Amino acid sequence: MILGVIALGLLLTSCDSDDDNSSSLDTLTLNLNGLETLGADYVYEGWIIVNGNPVSTGTFTSVTFPQSFNVNSAQLETATAFVLTIEPLVDPDPAPADSKLLRGEFNGNSATVNTALIGDLTNVSGTFFLRTPTDEDVPGGAPNNGNDQYGVWYGTPGMPPTANLTLPDVSQNPGWIYEGWVIGDSGPISTGRFDNFGDRDDFTGFSGAAFNQGPPVPGEDFFLNAPTGEMFPLDVRNRMVVISLEPVPDDSPAPFAVKPLVGVAGTATAPSTHDFNPNPTSLPTGTVTR
């Protein structure tokens, strides 16, 4: 009988302990806007910063909000900030990825999150011009073949062209890189990725054969290797031109949700320029409540 009483006491103690553990969780609610569905191999992951250290609050793929997560009560109560990252679906690294998209400091029980962790994406500007230097025999554009409507370059035309994009410097941020796009007949066409506004980007696959490197600014001519659904040479006039911010590694071949600069090419070719405009509606934001 004594042994039975001891066993019953242990069972009750165990049940009480389970009740304590279940009651040690509180709800964290995300109410975000501006996010888009990631590629199939990637997820969003939330993190609270506790004593300077990141603690995962869980992953998600749906971009319908609000969404709620159960988080350790003591950690949630002492958390000072919330961070949202983009992570591989199969993630060998338990730490947050470099692609940190949103952050906000807790003020009481809520935090307003935005993209300020990347830089100021609201005070941005720049110009682009239509020119086709890569089908000409001489670097720098002489002689001109009279077909400048088939290329787009980001900066100010000249001999050589110069950079003029006003965007946050991500050259020291391994989680993000810029990518240029022209909206073609069947969708966005990449002009290449870059983190240096005064140098060539990483892509020349559509450029002409005479001088494949192009000028020392990001951009592309559209002569060769047309993607499915497009016909080259591509007339860029009156088309939308976009610069997006892409996570590294990139979750998808399509443009990411964050597109800080957009513009429409007019009909004039270089030396005329066309303005990029800020696109604040593309910047994700929201609130996190504990």
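Residues numbered from 1 in each chain as written. Predicted model: local features only at pLDDT ≥ 70, side-chain atom pairs only at ≥ 80, totals over all residues. Heavy atoms only, no water.

Undergrad: Help me get a handle on the overall build of the protein chain, residues and values and all.
TA: Of regular secondary structure, the protein chain possesses two helices and 16 strands. Counting every position in the protein chain, which comprises 290 residues, the buried fraction comes to 46%. Long-range contacts, defined here as pairs at least 24 residues apart, represent 65% of the contacts in the protein chain between residues at least 6 apart. In the structure as shown, the protein chain presents an accessible area of about 13700 Å², 53% of it carried by carbon and sulfur atoms. (Helix = DSSP H or I, 4+ residues; strand = E, 2+ residues; numbered from the N terminus. Buried < 20%, exposed > 50% of the residue type's maximum accessible area, 1.4 Å probe, protein only. Contact = heavy atoms within 4.5 Å. Areas by Shrake-Rupley, 256 points an atom, 1.4 Å probe, with all protein chains shown as cover.)

Undergrad: How would you sum up the sheet that holds strand E16 (residues 285-289)? Please name residues and give values.
TA: Backbone-to-backbone hydrogen bonds join strands into a sheet, with any given pair of strands oriented parallel or antiparallel. Across the sheet, eight strands lie side by side as E3-E2-E5-E6-E7-E16-E1-E4; this open sheet has antiparallel pairing. Looking at the sheet topology across the chains shown, the edges are occupied by strand E3 (53-60) and strand E4 (67-72). On average, each strand axis in the sheet is tilted by 25° relative to the strand beside it, whichever way the strands run. In this structure, strand E5 (residues 81-88) lies alongside strand E6 (residues 100-107), joined through five bridges in antiparallel fashion. For threonine 85, the partnering residue across the bridge sits in E6 and is lysine 100. (Pairing = 2+ DSSP bridges. Axes fitted to C-alpha atoms, helices over the stretch in contact; angles between N-to-C directions.)

Undergrad: Describe unusual backbone geometry, with residues and values.
TA: For the bond running from phenylalanine 65 to proline 66, omega is 10°, close enough to zero to count as cis. Structurally, proline 66 can be placed in the loop between E3 and E4. At the junction of methionine 159 and proline 160, the peptide bond is cis and its omega measures out at 5° in the coordinates. In this fold, proline 160 is placed in the loop between strand E9 (151-154) and strand E10 (176-183).

Undergrad: Mind laying out a nonpolar patch on the surface, listing which residues take part and the relevant values?
TA: A contiguous nonpolar patch, built from Ile183, Met240 and Val264 and spanning about 240 Å² of accessible area, is present on the exposed surface. Along the chain, methionine 240 turns up in strand E13 (residues 240-247). (Patch = residues over 30% accessible without salt bridge, like charges linked within 9 Å, V, L, I, M, F, W, Y side chains within 5 Å. Salt bridge = Lys/Arg side-chain N within 4 Å of Asp/Glu carboxyl O.)

Undergrad: Account for the sheet that holds strand E15 (residues 274-278), naming residues and giving values.
TA: Within the open sheet, the eight strands sit side by side as E11-E10-E13-E14-E15-E8-E9-E12. Their pairing is antiparallel. Strands with a single pairing partner mark the edges of an open sheet, and in this sheet they are strand E11 (188-194) and strand E12 (219-221). On average, each strand axis in the sheet is tilted by 25° relative to the strand beside it, whichever way the strands run. With two bridges joining them, strand E14 (residues 261-264) and E15 adopt antiparallel strand pairing. Paired with valine 262 across the two strands is asparagine 277, which belongs to E15.

Undergrad: Run through the side chain of aspartate 148, naming residues and quoting values.
TA: Mapped onto the elements, aspartate 148 comes out in the loop between strand E8 (126-130) and E9. Among the residues examined, aspartate 148 registers a relative accessible area of 6% and is labelled buried. A polar contact of 3.1 Å, which involves the side chain of aspartate 148, links it to the side chain of threonine 132. (Polar contact = N/O pair within 3.5 Å; in protein donor to acceptor, adjacent residues only side chain to side chain.)

Undergrad: I'd like a rundown of the environment of tyrosine 178, residues and numbers included.
TA: Among the secondary structure elements, tyrosine 178 is positioned in strand E10. Judged by relative accessible area, which is 0%, tyrosine 178 ranks as buried. In this structure the C-alpha to C-alpha distance between tyrosine 178 and glycine 192, which are 14 residues apart in sequence, comes to 8.5 Å. Not counting the four nearest positions on each side in its chain, tyrosine 178 is found in contact with Leu121, Leu167, Pro168, Val170, Gly192, Arg193, Phe194, Phe197, Ile243, Ser244 and Leu245.

Undergrad: So what about the pattern of salt bridges? Which residues, and what values?
TA: Applying the stated criterion across every chain yields a total of seven salt bridges. Residues arginine 131 and aspartate 148 are paired through a salt bridge, measuring 3.2 Å at the closest nitrogen-oxygen approach. With arginine 131 in the loop between E8 and E9 and aspartate 148 in the loop between E8 and E9, this pair connects stretches of sequence that are 17 residues apart. Judged by relative accessible area, arginine 131 falls into the buried class, the value being 14%. Among the salt bridges present, the one from aspartate 235 reaches arginine 237, with a minimum N-O distance of 2.7 Å.

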